[in-house]
Amino acid sequence: GAVVSQHPSWVICKSGTSVKIECRSLDFQATTMFWYRQFPKQSLMLMATSNEGSKATYEQGVEKDKFLINHASLTLSTLTVTSAHPEDSSFYICSARVQGLGGNQPQHFGDGTRLSIL
Amino acid sequence: AQSVTQPDIHITVSEGASLELRCNYSYGATPYLFWYVQSPGQGLQLLLKYFSGDTLVQGIKGFEAEFKRSQSSFNLRKPSVHWSDAAEYFCAVGGGSGNTGKLIFGQGTTLQVKP
């Protein structure tokens with residue numbers, strides 16, 4: 001149980017285009033999802049907390065207009081990297097928590113998306 | 001300040017040997033503690049978690065961890081390492097009042113397994 005699917009797993013695109021990454025909880029409902037960025041050989045950096053039906057909460061230093069987050073349902077959150085540039089190339093990972101079981105539930109992670117901007 | 005420290009960036013052990021990965025945390029409230037494993041190019045898989053109760057917790061793949069409040073530690077152990085255990089391991093802490101579910105991750109420990 002608690003499977004999180006992330007799509008696409010790898011995307012290569014030209015500079016200036018926008019890229020959408022989807023994060024789905026397959027067998028549970030998630031009111032809260034998280035988006036992370038990971039640089040090579042480094043830990044995860046939390047970008048934002050995505051809440052179903054409300055605006056995302058961004059971490060300090062993360063550009064809201066650059067990284068658009070939409071959490072329209074209890075099983076889907078999307079991250080759109082707008083007007084992507086080579087410095088946005090990274091590994092993006094989402095996670096989700098099971099709804100309604102208290103604050104101590106673990107996060108379940110997707111398999112990540114490798115984004116390469118040419 | 002809230003933080004997680006994994007003192008060992010890289011560890012190499014021989015297959016069949018025992019393993020201990022260290023994790024120290026600083027957290028202002030009752031911590032919820034987690035260990036995750038990440039294979040190259042993959043997401044994170046939960047190995048085990050500690051919320052309360054027995055301080056020795058068992059996880060998947062033969063891993064266990066012990067919560068020691070007095071030492072602010074949550075070290076991960078495995079009695080006999082397999083070659084497939086080679087991966088990146090992350091310790092994380094979360095919880096407390098007004099818990100948002102956010103986790104603070106350590107820097108990670110890369111485990112290499114020698115044949």
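Just above, that's the structure.
Residues numbered from 1 in each chain as written. Chains lettered and ligands numbered in written order. Predicted model: local features only at pLDDT ≥ 70, side-chain atom pairs only at ≥ 80, totals over all residues. Heavy atoms only, no water.

Participant: Which parts of the structure should I look at to understand the packing of aromatic side chains?
Facilitator: Between two aromatic rings, the relevant description is the distance of the centres plus the angle of the planes. Counting across every chain of the model gives 14 aromatic pairs over all chains. Taken together, a centroid distance of 5.6 Å and an interplanar angle of 40° make the contact between tyrosine 36 of chain A and phenylalanine 109 of chain A tilted. Residue tyrosine 36 of chain A is found in strand β4 (residues 32–38), and its partner phenylalanine 109 of chain A is found in strand β10 (residues 107–109); the two are separated by 73 residues along the sequence. These aromatic residues form a ring-pair network of at least three members: Tyr36 and Phe109 of chain A together with Tyr32, Phe34, Tyr36, Phe51, Phe90 and Phe105 of chain B. (Phe/Tyr/Trp six-rings, centres within 6.5 Å; stacked < 30°, edge-to-face > 60°. Helix = DSSP H or I, 4+ residues; strand = E, 2+ residues; numbered from the N terminus.)

Participant: Where do I start with a nonpolar patch on the surface in this structure?
Facilitator: A cluster of nonpolar side chains, Trp10, Ile12 and Leu118 of chain A, forms an exposed patch at the surface whose accessible area comes to about 400 Å². Summarising the element assignment, tryptophan 10 of chain A is placed in strand β2 (residues 10–13). (Patch = residues over 30% accessible without salt bridge, like charges linked within 9 Å, V, L, I, M, F, W, Y side chains within 5 Å. Areas by Shrake-Rupley, 256 points an atom, 1.4 Å probe, with all protein chains shown as cover. Salt bridge = Lys/Arg side-chain N within 4 Å of Asp/Glu carboxyl O.)

Participant: Help me understand the state of the cysteines in this model?
Facilitator: One way to say it: the disulfide is the covalent bond shared by the sulfur atoms of two cysteines. Scanning the entire structure with this criterion turns up two disulfides over all chains. One disulfide bridge connects cysteine 23 of chain A with cysteine 94 of chain A, the sulfur atoms lying 2.0 Å from each other. Judged by the sign of its S-S torsion, about 80°, the bond between cysteine 23 of chain A and cysteine 94 of chain A is right-handed. Placement of the pair is cysteine 23 of chain A in strand β3 (residues 19–25) and cysteine 94 of chain A in strand β9 (residues 90–97), with a sequence separation of 71 residues. For the pair cysteine 23 of chain A and cysteine 94 of chain A, a shared accessibility class is recorded, and that class is buried. The disulfide partner of cysteine 23 of chain B is cysteine 91 of chain B, and the gap between their sulfur atoms is 1.9 Å. (Disulfide = S-S within 2.5 Å. Buried < 20%, exposed > 50% of the residue type's maximum accessible area, 1.4 Å probe, protein only.)

Participant: How should I be thinking about the layout of surface pockets in this particular structure?
Facilitator: Taking a probe equal in size to a water molecule and rolling it over the atoms shows the remaining empty space. Put simply, the largest pocket is a space of about 470 Å³. Pro40 and Lys41 of chain A together with Gln38, Pro40 and Glu88 of chain B are, among the 20 residues lining the largest pocket, the residues nearest its centre. Top element by residues in the lining of the largest pocket is strand β10 (residues 87–94) of chain B. It accounts for three residues. Its residues placed into classes, the lining of the largest pocket shows nine nonpolar, eight polar and three charged. Empty space within the second largest pocket amounts to approximately 160 Å³. Broken down by secondary-structure element, the contributors of at least two residues to the lining of the second largest pocket are β5 (32–38), β6 (44–50) and β10 of chain B. The residue makeup of the lining of the second largest pocket, split by class, is eight nonpolar, six polar and three charged. (1 Å grid on protein atoms, 1.4 Å probe; cavity = no way out; pocket = protein on both sides within 12 Å on 5 of 7 lines; lining within 4 Å. Points joined across faces, edges and corners; volume = space filled by probe spheres on them. Nonpolar A, V, L, I, M, F, W, Y, C, P; charged D, E, K, R; others polar.)

Participant: Explain the nonpolar core to me, please; I cannot follow it from the model alone.
Facilitator: One broad rule of soluble globular proteins: the nonpolar side chains tend to lie buried together. One finds Leu19, Trp35, Leu47, Leu48, Phe74, Leu76 and Tyr89 of chain B to be the most contacted residues of the largest nonpolar core, which totals 27 residues. Listed by contribution, the elements that provide at least two residues to this core are β2 (10–14), β3 (19–21), β5, β6, β8 (64–68), β9 (73–78), β10 and β12 (109–114) of chain B. Ranked by residue count, the leading element in this core is β10 of chain B, at four residues. Contact partners of leucine 47 of chain B, with chain neighbours within four places excluded, come to Trp35, Tyr36, Val37, Gly59, Ile60, Lys61, Phe63, Leu76 and Tyr89 of chain B. Cys13, Val19, Ile69 and Cys94 of chain A belong to the second largest nonpolar core, which has 25 residues in total. (Core = buried A, V, L, I, M, F, W, Y, C linked by side-chain atoms within 4.5 Å. Contact = heavy atoms within 4.5 Å.)

Participant: Please clarify how the interface of chain A and chain B should be interpreted in this entry.
Facilitator: It is common to give the size of an interface as the accessible area that goes away when the parts come together. Contacts between chain A and chain B engage 20 residues on the former and 20 residues on the latter. Surface buried jointly by chain A and chain B totals about 1,500 Å² across both partners, of which 56% is contributed by carbon and sulfur atoms. Inspection of the region where chain A meets chain B yields one salt bridge. Here lysine 102 of chain B ties to glutamate 59 of chain A by a salt bridge, and the two come within 3.0 Å at their closest N and O atoms. In this structure, the connection of chain A to chain B is made through five residue pairs in polar contact (both at pLDDT 80 or more). Where the side of chain A that touches chain B is concerned, the elements lending two or more residues are β4, β5 (44–51), β9 and β10 of chain A. Split by residue class, the side of chain A that touches chain B holds eight nonpolar, nine polar and three charged. (Buried area = accessible area lost by both parts, 1.4 Å probe. Polar contact = N/O pair within 3.5 Å; in protein donor to acceptor, adjacent residues only side chain to side chain.)

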